Amino acid sequence: MSSQQIPEDSLPAVQETAHGAVEGTDDPFADPGLPAHQPRIQDLDERAARRSERAVAFMFTLSMLATVGFIASYVIFPVDKIVYIWPFGHVSPLNFSLGLTLGFALFFIGAGAVHWARTLMSDVEVAAERHPIEAEPEVKAQVMADFAAGAEESQLGRRKLIRNTMFGALALVPLSGVVLLRDLGPLPEKKLRTTMWAKGKLLVNMNTGEPLRPEHVPVGSLTFARPEGLEEDSHDFLTQIAKAALMIVRIEPDDIKDRRQREWAHEGIVAFSKICTHVGCPISLYEQQTHHVLCPCHQSTFDLSDGARVIFGPAGHALPQLRIGVNSEGNLEALGDFDEPVGPSFWERG
């Protein structure tokens, strides 16, 4: 039945609400007001209120313990350790524990605050009419009075157990971020300035795992190498290969323009870092006729016949060269480490 079909004598003359009576009206959609307030058990029974207080304090305490667990996990678990955790599979226990403990720390603060608001804070609904953006002095005074009343109704001063545990949880959670700042310090020391290359280290073919010999590198070819002793199943393989990756190119000696490059080579075989000096991408594109190598990330181009200097792109400086020679068994070997840090140029200024 539509509103037009409702007989007038069926409309109530007065509508009772929690805020008083509304005079009868012909509008069937008149605002009925708010329902009468229903007290909670915590409003009537102090023992129930105490139980809620202990529950909130328990959740805040769990948050504090989780934050302590976060910090402990950061110290206990090695960054390169991998374990099997069902059903997640092989994961880093450090990342797993950090995510789990920080998640619990934040969750229990939120859960405690929600339970506190739903069981102990005042839940009386108040209707307020809209008002201009610029409040009148009377409205401002009313707001401050309402704030003071809300602070009193929250029972923050009375429920000291909740207050103290909440402050403890909120004070400990930021420590998680403070601990993470440790990695922004000088902990790398000089590790980024050196690699595994040293005098006598053999150049090992990345694909075959065999030591490289001069006859393995024909003119115009591009070969990738790693230091002897660095295996793919090593726990620090990725860390070391990110600094020690090498590309081997053979150029006709007469085509080498840079004097030092010619002296550090062996019969035209030159060894340069594979790591781009822009942002550290691996270089893999070689143009045989021009002796140029191209970084696929941002198109930095280096001339391997002229000291691997930058001829195009955003890279800051030339690729570091590794001095090489041949040992008594005829295998290519390093005659030392790179004479400058590999990769992005900002490490040199660090």
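Residues numbered from 1 in each chain as written. Predicted model: local features only at pLDDT ≥ 70, side-chain atom pairs only at ≥ 80, totals over all residues. Heavy atoms only, no water.

- The name given to the protein chain in an unreviewed UniProt entry is Cytochrome bc1 complex Rieske iron-sulfur subunit, with Streptomyces durocortorensis as the source organism.
- If you open the UniProt record of the protein chain and go to Subcellular location (unreviewed entry), you find "Cell membrane". (UniProt positions renumbered as here; feature names shortened; annotations may be inferred.)

1. Observations concerning the environment of Phe272
At step 1: Mapped onto the secondary structure, Phe272 falls in strand β8 (residues 269–273).
At step 2: Residues Phe272 and Gln321, spaced 49 residues apart in sequence, show a C-alpha to C-alpha distance of 4.4 Å. (Helix = DSSP H or I, 4+ residues; strand = E, 2+ residues; numbered from the N terminus.)

2. Here we look at the state of the cysteines
At step 1: In the structure shown here, the tally under the stated rule is one disulfide.
At step 2: The disulfide that involves Cys281 links it to Cys297, with 2.3 Å between the sulfurs. Residues Cys281 and Cys297 are joined through a disulfide that is left-handed, its torsion about the S-S bond being -105 degrees. With a gap of 16 residues between them, Cys281 in the loop between β8 and β9 (285–287) and Cys297 in the loop between β10 (292–294) and β11 (301–303) connect regions that are remote in the sequence.
At step 3: The exposure class of Cys297 is partly exposed, given its relative accessible area of 37%.
At step 4: Cys276 takes part in no disulfide bond, and the closest cysteine sulfur, belonging to Cys295, lies 3.8 Å away.
At step 5: For Cys295, a relative accessible area of 1% translates into the label buried. (Disulfide = S-S within 2.5 Å. Buried < 20%, exposed > 50% of the residue type's maximum accessible area, 1.4 Å probe, protein only.)

3. With respect to the pattern of salt bridges
At step 1: What the rule picks out here adds up to 15 salt bridges.
At step 2: The partner of Arg47 in a salt bridge is Asp45, and the shortest N-O contact between them spans 3.7 Å.
At step 3: The class of Arg47 is exposed, set by a relative accessible area of 63%.
At step 4: With a shortest N-O distance of 3.4 Å, Arg259 and Glu263 are connected by a salt bridge. With a gap of four residues between them, Arg259 and Glu263 both fall in helix α8 (residues 259–264), about one helical turn apart.
At step 5: Within this structure, Glu46, Arg50, Glu53, Arg158 and Arg159 form a network of salt bridges that share partners. (Salt bridge = Lys/Arg side-chain N within 4 Å of Asp/Glu carboxyl O.)

4. Points about helix α4 (residues 137–153)
At step 1: The end-to-end C-alpha separation of α4 is 24 Å, in line with the 24 Å expected for 17 residues at 1.5 Å each.
At step 2: Gln155 lies just past α4 and shows a positive phi near 65 degrees. (Expected span 1.5 Å × (residues − 1).)

5. Focus: the sheet that holds β10
At step 1: The sheet built from four strands is open, its strands ordered β9-β10-β11-β12 with antiparallel pairing. Each edge of the open sheet is held by one strand with a lone partner, namely β9 and β12 (309–312). Each adjacent strand pair in this sheet contributes to an overall mean axis angle of 30 degrees, direction not counted.
At step 2: Of the pairings in the sheet, the one linking β9 to β10 comprises three bridges and is antiparallel in character. Opposite Tyr286, over in β10, you have Val293 as the bridge partner. (Pairing = 2+ DSSP bridges. Axes fitted to C-alpha atoms, helices over the stretch in contact; angles between N-to-C directions.)

6. Some remarks on the side chain of Thr119
At step 1: Here Thr119 lies in helix α3 (residues 93–119).
At step 2: Polar side-chain contacts of Thr119 include one of 2.6 Å to the backbone oxygen of His115.
At step 3: Each residue touching Thr119, except ones within four places of it in the same chain, is listed here: Arg40, Gln42 and Ser52. (Polar contact = N/O pair within 3.5 Å; in protein donor to acceptor, adjacent residues only side chain to side chain. Contact = heavy atoms within 4.5 Å.)

7. Topic: the packing of helix α2 (residues 46–76) against α3
At step 1: Interhelical geometry of α2 versus α3 gives an angle of 165 degrees and a closest axis separation of 8 Å. By the angle class used here, α2 and α3 are roughly antiparallel. Where α2 crosses over α3, the handedness of that crossing is left-handed.
At step 2: Residues that form the contact of α2 with α3 fall into these classes: 18 nonpolar, ten polar and no charged. (Parallel < 35°, antiparallel > 145°, perpendicular 65-115°, else oblique. Left-handed = near helix turned anticlockwise from the far one by under 90°. Nonpolar A, V, L, I, M, F, W, Y, C, P; charged D, E, K, R; others polar.)

8. Describing the environment of Phe167
At step 1: Relative to the helices and strands, Phe167 resides in helix α5 (residues 160–172).
At step 2: Phe167 gets classed as partly exposed once you look at its relative accessible area, which sits at 44%.
At step 3: Taking the C-alpha atoms as reference, Phe167 lies 10.0 Å from Met64; in sequence the two are 103 residues apart.

9. A few points about a nonpolar patch on the surface
At step 1: Together, Leu175, Val178, Leu181 and Leu184 make up an exposed nonpolar region whose accessible area comes to about 390 Å².
At step 2: Here Val178 lies in helix α6 (residues 174–180). (Patch = residues over 30% accessible without salt bridge, like charges linked within 9 Å, V, L, I, M, F, W, Y side chains within 5 Å. Areas by Shrake-Rupley, 256 points an atom, 1.4 Å probe, with all protein chains shown as cover.)

10. Describing α2
At step 1: With 31 residues, α2 extends 44 Å between its outermost C-alpha atoms, agreeing within 8% with the 45 Å of an ideal straight helix rising 1.5 Å per residue.
At step 2: The distance from a side-chain oxygen at the start of α2 to the backbone nitrogen of Arg47 is 2.9 Å, and the residue carrying that oxygen is Asp45.

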